[in-house]
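These are the residues of each chain, in order.
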Amino acid sequence: MNLKVKIGNLELKNPVLVASGTFGYGIESADFLDLNQLGGIITKSLSLKPRKGNPPKRIAETPAGMLNAIGLANIGVEKFIEEKLPLLTKLNTKIIVNIAASSVEEYVECVRILDKEEIDAFEINVSCPNVKEGGLEFGRSLSKVGEITGKVVASTNKPVIIKLTPNVTFISEFAKVAKEEGATAVSAINTFVGMAVNVFTRKPKLSHITGGLSGPAIRPLALAKVFEIVQNVDIPVIGIGGITNSEDALEFLITGAKAVQIGTHNFVDPSAPIKIIKGIEDYLRNFNFKDVNEVIGSLQLS
Amino acid sequence: MFQTLAKVVEKRILTDQIILVTLRSEELTNNVKPGQFVNVRVSETCYPYLRRPFSYCDVERDTFKLMFTIYGQGTKMLANASIGSKFDVIGPLGNGFNLDDDFENAIFVGGGLGIAPFPFFTRVLKNKKNIYTYIGARTKEFVVTYGLQNYKIATDDGSIGFNGNVVELLKNDLDKKFFNGKIKIFGCGPTPMLRALKQLSEEYDLICEVSTEEAMACGFGICQGCPIELSDSSGFKLVCKDGPVFNVKEIKL
């Protein structure tokens, strides 16, 4: 049975990745699962210099989900290369480094530095809702997404995946721009802007007031965004949003996503990605598929 | 760290609101230090979605106890669990209290459910150190003495024990030179109480460690959801992974 999928030239041993920001720098969850079994690891967003992130409260629970305003807290590219990458590159899985920056130049500089390292691809976060500079301001602008994509693609020979925000009217327009500027694929979706209020203190539950909503609550919304892109743009899509089990993952694959990322559920069940890979295998066996690619995009619309 | 199913073997109602649940798991009871915690998945569905962190209240052979107030949906589900039911638990998590310092008198200061880690700590230090426990609560209805020894109580309304806050009660004893030998303070409770302990430890030049609390999702450092600011404003540490126990000098309260 074949579980391998290809995203441009990037071959994954199976279509299950772990999403940026939900798996640390890639090795912290090693007590709970065999990292080598994953299709790939997408690291926490890195910026050129370390970022402290936002003050507490950074997270709040909401129905079937959570809000976060971490604010891209990270150790910066240099420390990542020194301290984290040596362990990551020993793994037998694809390493995709996620980059978040405050300016086009910073994206390019991060990619330029990391391009020399043993990593397999870049995921470019143009859609974090929790930082003032960059973040959503970029992700909601077609011209900025185009400019960042074009310049990053020109700075590396490795595959470039653009992570899109759902906080726009037509996400497929952004996927189209990413494709035109040479992106290998798009990840869809990042979190929705959300908010929660403590009625006893009458204050927002997050210090940043609004945050990114993730978890099962957003899954149907995410799936509709993936569907919109798949129907309108011929670019590989990596589906993300509230995936908790193999059935959830299969919804995205059947809709046309070439791979999926497990996000918030890594916090709730750190061994979930492996259970999901096994669940996909069971599904293929039970329905007599020999190759996961037979399932991808097999959505029956009539 | 382990992710495993722990079985509910006993439940005890301590007060109208406070409950003690005993779970069994070999993995989760090996090499645990007082001050460490577990992260419990209270529901198999998506409501409530995130795990709930609880201090190890006590550890005995292959069982451990969790003490909590029935506050929201998550704690209600755990409190209502039937004997024999199982919960997906991650642990042991975080860094516990540090026992390497040179001290003869262990002073435990717990505010409200902040006393939760001290029954286990009492078990570990019994017959090795002098233990003095200071319990603070709003009223006598919120006072729990389970597993504690040599305790004094302070209540905000004076309904039992000292009328005032628990740090004032400790300060009185420090002023009276009530303790013989070197002292180390271990605190757990609401932030205003920890802040008062920080001031007190600075005033009397005492070593003080506190167990802190912050909303968290994962419990082991991947979500970055539980920052605590460092005293020198240079950045944040994570309550789950770098804490929950910190030397009070290290953090801003």
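Predicted model only: the values in this text are computed from it and were never measured. (Residues numbered from 1 in each chain as written. Chains lettered and ligands numbered in written order. Predicted model: local features only at pLDDT ≥ 70, side-chain atom pairs only at ≥ 80, totals over all residues. Heavy atoms only, no water.)

Engineer: Describe the overall build of chain A, listing the residues and the values that go with them.
Structural biologist: Of the regular secondary structure elements, chain A holds 10 helices and 16 strands. The C-alpha atoms of chain A give 18 Å as radius of gyration, which agrees with the globular expectation for 302 residues (19 Å, within 12%). With respect to the principal axes defined by its C-alpha atoms, chain A has extents near 55 × 50 × 40 Å. For chain A, buried positions account for 61% of its 302 residues. For chain A, contacts bridging at least 24 residues in sequence account for 71% of all contacts bridging at least 6. For chain A, the exposed area adds up to about 11900 Å²; of that, 50% sits on carbon and sulfur atoms. In chain A, the 33 positive side-chain charges and the 32 negative ones have mean positions that sit 5 Å from each other. (Helix = DSSP H or I, 4+ residues; strand = E, 2+ residues; numbered from the N terminus. Rg over C-alpha atoms; globule rule 2.2 N^0.38 Å. Buried < 20%, exposed > 50% of the residue type's maximum accessible area, 1.4 Å probe, protein only. Contact = heavy atoms within 4.5 Å. Areas by Shrake-Rupley, 256 points an atom, 1.4 Å probe, with all protein chains shown as cover. Lys, Arg positive; Asp, Glu negative; His and termini not counted. Charge placed at Lys NZ, Arg CZ, Asp CG, Glu CD.)

Engineer: How would you sum up the interface of chain B and chain A? Please name residues and give values.
Structural biologist: With 26 residues of chain B in contact, the opposing surface of chain A contributes 35 residues. Between chain B and chain A, the buried area comes to about 2700 Å², and carbon and sulfur atoms account for 62% of it. Notably, a salt bridge pairs Lys 57 of chain A with Glu 214 of chain B, separated by 3.0 Å at the nearest N-O pair. (Buried area = accessible area lost by both parts, 1.4 Å probe. Salt bridge = Lys/Arg side-chain N within 4 Å of Asp/Glu carboxyl O.)

Engineer: Explain empty space enclosed by the protein to me, using residue names and the numbers behind them.
Structural biologist: All names here are of chain A. Summed over the entire model, instances satisfying the criterion amount to one cavity of 30 Å³ or more. Roughly 470 Å³ of volume is contained in the largest cavity. Together, 31 residues line the largest cavity, and Ser 20, Thr 22, Asn 68, Asn 190 and Thr 191 are the ones closest to its centre. If you list the elements that add at least two residues to the lining of the largest cavity, you get strand 6 (65–68) and strand 14 (210–214). When its residues are assigned to classes, the lining of the largest cavity shows 13 nonpolar, 16 polar and two charged. (1 Å grid on protein atoms, 1.4 Å probe; cavity = no way out; pocket = protein on both sides within 12 Å on 5 of 7 lines; lining within 4 Å. Points joined across faces, edges and corners; volume = space filled by probe spheres on them. Nonpolar A, V, L, I, M, F, W, Y, C, P; charged D, E, K, R; others polar.)

Engineer: Any chance you could break down a nonpolar patch on the surface for me, citing the residues and the numbers?
Structural biologist: A surface patch of nonpolar side chains, amounting to about 270 Å² of accessible area, comprises Met 195, Val 197 and Ile 209 of chain A. As for its position among the elements, Ile 209 of chain A is in the loop between strand 13 (203–204) and strand 14. (Patch = residues over 30% accessible without salt bridge, like charges linked within 9 Å, V, L, I, M, F, W, Y side chains within 5 Å.)

Engineer: Requested: an account of the environment of Ile 207 of chain B, with residues and values cited.
Structural biologist: Residues and elements named next belong to chain B. Positionally, Ile 207 belongs in strand 13 (residues 207–211). Look at Ile 207 and you get partly exposed, because its relative accessible area is 32%. For the pair Ile 207 and Ile 183, spaced 24 residues apart in sequence, the C-alpha separation works out to 7.3 Å. In this view, Ile 207 contacts Asp 101, Ile 183, Lys 184, Ile 185 and Asn 247; residues no more than four positions away in its chain are not counted.

Engineer: Could you give me a rundown of the state of the cysteines, with the residues and numbers involved?
Structural biologist: Residue and element names in this part refer to chain B. Inspection of the entire model under this criterion finds zero disulfides over all chains. With no disulfide partner, Cys 188 has as its closest neighbouring cysteine sulfur the one in Cys 57, 11 Å distant. Taking relative accessible area as the criterion, Cys 188 reaches 10% and is therefore assigned buried. Here Cys 208 is not cross-linked by a disulfide; its sulfur's nearest cysteine counterpart is in Cys 188, at 11 Å. (Disulfide = S-S within 2.5 Å.)

Engineer: Please provide a residue-by-residue account of the pairing of strand 10 (residues 151–155) of chain B, values included.
Structural biologist: All names here are of chain B. Strand direction decides the pairing type here: strand 9 (residues 130–137) and strand 10, joined by five bridges, are parallel. Note that in strand 10 the partner of Gly 136 across the bridge is Ala 154. Where strand 10 lies against strand 11 (residues 162–163), two bridges are found, and the strand directions are parallel. Opposite Ala 154, over in strand 11, you have Phe 162 as the bridge partner. (Pairing = 2+ DSSP bridges.)

Engineer: Outline the sheet that holds strand 8 (residues 121–125) of chain A, supporting the account with residue identities and numerical values.
Structural biologist: Residue and element names in this part refer to chain A. Read around the closed barrel, the eight strands follow the order 3-4-7-8-9-10-15-16; overall the barrel is parallel. Between one strand axis and the next, the sheet turns through 25° on average, direction left out of account. Packing of helix 6 (residues 219–232) onto the sheet brings it into contact with strand 9 (160–164), strand 10 (185–188) and strand 15 (237–240), and relative to strand 15 it is tilted by some 170°. Running over the sheet, helix 9 (residues 272–286) touches strand 3 (16–18) and strand 16 (259–262) and is turned about 170° from strand 3. (Axes fitted to C-alpha atoms, helices over the stretch in contact; angles between N-to-C directions.)

Engineer: Which residues make up the sheet that holds strand 14 of chain A, and what are the values?
Structural biologist: Residue and element names in this part refer to chain A. Across the sheet, four strands lie side by side as 5-6-14-11; this open sheet has antiparallel pairing. Bordering the open sheet on either side are strand 5 (59–62) and strand 11 (192–195), each of which pairs with just one other strand. Across the sheet, the mean angle from the axis of one strand to that of its neighbour is 40°, orientation sign disregarded. Here strand 5 pairs with strand 6 via four bridges, running antiparallel. Note on strand 6: the bridge partner recorded for Ala 60 is Leu 67.

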